Amino acid sequence: MPLLEIARLGHPKIRSGAELVSVEQLQSSAVQQFIDDMVETMRDANGVGIAAPQVQVSQQIIAIEVSADNPRYPNQSAVPLTVLINPKIIQHVEETENGWEGCLSVPDLRGLVPRWKQVNVEGLDRHGKLVQFEAQGFHARVIQHEVDHLHGQVFLDRLPDLKTLTHLREYEQYWNR
Ligand code: NI
């Protein structure tokens, strides 16, 4: 399975949003192969999530996977591999919390982003079955980040204070404690 090329900020697809995927499209071998390639690309880049526009495809597909030993986000609770098609946040608590975020499409930067602490998500799994679940904390954060990608948004748009923006080396040196 080939690795896909990750689009970085400035690539038009990062800002163009994504189309809904029909169950018929989803069941095609091309889309199933694409999902496998997205997952492989995410893992190769040590990502905890990836959205189709980040690999230059304007379809509403995201994948999320947090392993406890991820070098980019260590010490987060594990989240098993989850592929979601046409995901929507259908409910959320009003309370937000700040957390450091980066993005495969915005390399070498971290910023402090407020996200809802808990969200309810609805979408299809990769076989077209309706799924609905609740996510909290870092899991909820990753979902909000990936759903934003489907609407042409990146975490920089959510930064209330650009002064928190830091390069990775400086993040490790001054803020990762
Ligand atoms: Ni991202």
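Thresholds applied
- Residues numbered from 1 in each chain as written.
- Predicted model: local features only at pLDDT ≥ 70, side-chain atom pairs only at ≥ 80, totals over all residues.
- Heavy atoms only, no water.
- Helix = DSSP H or I, 4+ residues; strand = E, 2+ residues; numbered from the N terminus.
- Contact = heavy atoms within 4.5 Å.
- Buried < 20%, exposed > 50% of the residue type's maximum accessible area, 1.4 Å probe, protein only.
- Donors = N, O, S within 2.8 Å, 3.2 Å for Na, K, Ca; no water.

### What about the environment of Ile 89?
Working step 1: Relative to the helices and strands, Ile 89 resides in strand 3 (residues 79-92).
Working step 2: In this structure, the C-alpha to C-alpha distance between Ile 89 and Asp 157, residues 68 residues apart in sequence, is 18 Å.
Working step 3: Beyond its immediate sequence surroundings of up to four residues, Ile 89 is in contact with Trp 116, Val 119, Asn 120 and Gln 144.

### Considering unusual backbone geometry
Working step 1: Positive phi, close to 65°, is recorded for Asn 75, a residue that is not glycine.
Working step 2: With respect to the element layout, Asn 75 can be found in the loop between strand 2 (61-66) and strand 3.
Working step 3: Although it is not a glycine, Asp 108 adopts a positive phi angle of roughly 70°.
Working step 4: The residue Asp 108 is located in strand 5 (residues 106-116) in this model.
Working step 5: What makes Asp 108 partly exposed here is its relative accessible area of 40%.

### Notes on the coordination of the nickel ion
Working step 1: Cys 103 (SG), His 145 (NE2) and His 149 (NE2) make up the full set of protein donors to the nickel ion, lying at 2.1 to 2.2 Å.
Working step 2: One chain supplies every donor to the nickel ion, and in sequence these donors are spaced C-x41-H-x3-H. Of this pair, His 145 and His 149 both sit in helix 4 (residues 137-150), separated by 4 residues, roughly a single helical turn.
Working step 3: Exposure remark for His 145: the relative accessible area of 7% places this residue in the buried category.
Working step 4: Classification of His 149 by relative accessible area gives buried; the value is 1%.

Keep in mind these numbers describe shape, not what the thing actually does.
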